[in-house]
Each structure stands twice: as structure tokens, then as C-alpha cells.
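# Structural overview for review
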Amino acid sequence: MLIRHRPDLTDNDVTDKALYLRRREFITGAAGLGLAGVGLAGLGGAAASAAPLAFSKGFSTTEKPTPRNDVTSYNNFYEFGVDKGDPAENAGKLKTRPWTVRVDGACEAPRTFDIDDLIKANKLEERIYRLRCVEGWSMVIPWVGFPLKDLIAAVKPTSKARFVAFETLLRPSEMTGQRWDVLQWPYREGLRIDEAVHPLTLIAVGLYGETLPNQNGAPLRLVVPWKYGFKSIKSITRISLVERQPPTAWNLSAPREYGFYSNVNPAVDHPRWSQATERRIGEFRRRDTLAFNGYGEWVADMYRGMDLKRNF
Ligand SMILES: Nc1nc2c(c(=O)[nH]1)N[C@H]1C(S)=C(S)[C@@H](COP(=O)(O)O)O[C@H]1N2
Ligand SMILES: [Mo]
């Protein structure tokens, strides 16, 4: 199935509007949460904007996307096995319709969304992002999705919504890797509320212009491009607004190795390997890893005053 996207917008158009929206949010502070349904692509050509060119990489990198075949055959999705080829081989068993996502917790309007209604109700955009796995490899992936902040705004969060907890489906009959306790199932992840409503944080429902292949997290997954890939939880069934920092699958399994924040950070090594460099899938030479995966200009402010070696 082909997803409607907007080939009429160039990267610069999209990012100009993104900058415009983002500025407005920062000015209005918490009121920015009320910007429900204002998809960037939905502004059309008329929106006023005066963006510095430096922003043109913020929302879509101009780097060459990793070939589709690599994006869909070299995966981490432990619900289907621990080897890179296992998800492509086994995820076909997962039934992704019907599918609902419960969004609840500290909000005035908790709701259960049907995935097709959710896709129809939101303006989809293409976002080409770098993805850096904590294992030391990276890709450039053209996602199709919508900002998580729009979904959060739809349920009207209260002031008690300080974190967001995410859960993947639990269904060992189809997710055959869930028969083994390599992680505590279901897979769980979490973000601080400001990270969750950051304009870069995406709910992806597609890649390369089409619906997500199961191995990439169909029918919907999170994409947080400045954090290690494991934060980008796949095949989500529940999103809860919570008061306290929620437990996360990798932190539960190895707290010394995987922290809650997990911002890409070349200066903080994993206990068992360096994070200074990475291998871009399809390339031979390693390249330097960038702080916040190259998105620091847009996200570093959220961590001002925090010790990122302790809060790894
Ligand atoms: N539910 C779930 N989500 C997950 C994982 C997983 O095992 N289960 N693996 C994570 C890891 S380690 C990475 S690097 C990315 C990989 O996403 P991709 O296969 O689409 O490139 O998914 C993340 N999301
Ligand atoms: Mo990863």
C-alpha cells in the first residue's frame, strides 16, 4: 500500500515550516501542546517563514538514504529473534490488522485509536533521519509519519504528564522470540515529556513511501533520531502519560550498559565498546559519531545543566 506523502515539498520547504512551528512552540511554552493536528506538511505554501539555511538538515538530512533492501533486512527486533536477519524472516507472522493503540494516563481524554483512523487523522510527512544503533552501526532512513506531539495533544495531557511510557505488543504466538526471556516482555521504552513533544520525535507508519514492513515495526513505531536506536520502540500498542520515569526494557536487562536517556554520545563509551565511531551500513570505513547523532543544534538545550556521563 502506498502512503500519501508530499513530493511537492522539498526538504527546505518542510524544514522552514518546521522551524517556524518550533519557534512558535518555544515561545508559547506549554501551550505548544495545544497545536493538535498542525502537521508540518499541512501548512501548504502560504505559511510565513524566514528560516536560516542551517536548519535545512534538521528535519530531513540530505545524506544519501541507506538502500531499502538494507533497511528491511538488517534489523533489531528481538520479538522475532536476536540475529539481524531474523526479523525479516519471522515478522511476516505478525498480524497488524486489526490494531489499536491505547493512549492513556495523565490526560483528560484517554482514547483507544484504531491504526487506520490514526493514519487518516494525521498529516503524514517524510522525514529522512539518521539512525544510530548502540552496537556501533548506522543507517539513513526515509520514514513516513507524524509528530508524536500531535497524538499527545489529542488526549489533552495534564500537568502530571512528566514522562511517556511506550509498550510493544505481547503476542508470543506470532512474536516467536517472546518465547525466550532475552528481555522482559513486552518491550518497553520511555521519554521525558519534553523529549516526547519535541518536533523531531516521530511516530512512523511507513518508510520509503510505503507502509512499514513488519520487521521495521509495523504498523507504527517511535523514531527518536538523537537517541540510540533501541529507544525507537516498534509495533506499539500502548502509550501512557505518567508522573514518574518509566522502566525500559534494555535498562531493566542491563542497567550499567543502557541508561534511560541513551542520547547518542561519542564521549561516553558503552562499558564493552567505544561509541566514538560507527559503521554506516553499506560503507567500509568507520565514520565519527556525532553528539546527539548530529541533532544537537535542535535538542541539546533540553539537557542543559545535566551531567550526560551520569545520565547516559
Ligand atoms: N519492540 C522492539 N523495538 C525495537 C527493538 C526491539 O528489539 N523490539 N530493537 C531496537 C533497536 S536496538 C534498534 S537499533 C531499532 C532498529 O530499527 P530498524 O530495524 O527499523 O532499523 O529498533 C529498536 N526498536
Ligand atoms: Mo540498536
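Residues numbered from 1 in each chain as written. Chains lettered and ligands numbered in written order. Predicted model: local features only at pLDDT ≥ 70, side-chain atom pairs only at ≥ 80, totals over all residues. Heavy atoms only, no water.

### Brief notes about the overall build of the protein
Within the protein, the regular secondary structure consists of 8 helices and 12 strands. Counting across all 312 residues of the protein, residues that qualify as buried make up 55%. Here the analysis covers contacts within the protein between residues at least 6 apart in sequence; of these, 72% occur between residues at least 24 apart. Surface accessibility of the protein: about 13700 Å² in total, with carbon and sulfur atoms responsible for 52%. (Helix = DSSP H or I, 4+ residues; strand = E, 2+ residues; numbered from the N terminus. Buried < 20%, exposed > 50% of the residue type's maximum accessible area, 1.4 Å probe, protein only. Contact = heavy atoms within 4.5 Å. Areas by Shrake-Rupley, 256 points an atom, 1.4 Å probe, with all protein chains shown as cover.)

### Notes on the pattern of salt bridges
Pairs can form between side chains of opposite charge whenever their charged atoms are close. Per the stated rule, a full pass over the model turns up 20 salt bridges. Asp104 serves as the salt-bridge partner of Arg238, at 2.7 Å between the closest nitrogen and oxygen. Taken together, the positions of Arg238 in strand β10 (residues 236-242) and Asp104 in strand β1 (residues 100-105) put the pair 134 residues apart, joining distant regions of the chain. Measuring nitrogen to oxygen at the nearest pair gives 3.6 Å for the salt bridge that ties Asp150 to Lys149. Grouping residues by exposure puts Asp150 and Lys149 together as buried. Because the salt bridges share partners, they merge into one network encompassing Glu63, Arg130, Arg132, Glu278, Arg280, Glu283 and Arg287. (Salt bridge = Lys/Arg side-chain N within 4 Å of Asp/Glu carboxyl O.)

### Quick look at the sheet that holds β10
Taken in spatial order, the 5 strands make up an open sheet running β2-β1-β10-β5-β6, and their pairing is mixed. Across the chains shown, the open sheet's two edge strands, defined by having one partner strand only, are β2 (111-114) and β6 (188-192). Between one strand axis and the next, the sheet turns through 15° on average, direction left out of account. Bridge count for strand β5 (residues 163-168) against β6 is 5 bridges, and the pairing is antiparallel. Bridging from a neighbouring strand, Ala165 pairs with Gly190 of β6. (Pairing = 2+ DSSP bridges. Axes fitted to C-alpha atoms, helices over the stretch in contact; angles between N-to-C directions.)

### Description of the site of ligand 1
With respect to spatial proximity, 17 residues lie near ligand 1, and among them Asn75, Tyr78, Glu79, Ser232 and Lys234 are the closest. Here a nitrogen atom of ligand 1 and a backbone polar atom of Ser232 are 2.9 Å apart. Relative to its unbound accessible area of 540 Å², ligand 1 is 98% covered by the protein chains. Its residues placed into classes, the shell around ligand 1 shows 8 nonpolar, 6 polar and 3 charged. (Near = heavy atom within 4 Å. Polar contact = N/O pair within 3.5 Å; in protein donor to acceptor, adjacent residues only side chain to side chain. Nonpolar A, V, L, I, M, F, W, Y, C, P; charged D, E, K, R; others polar.)

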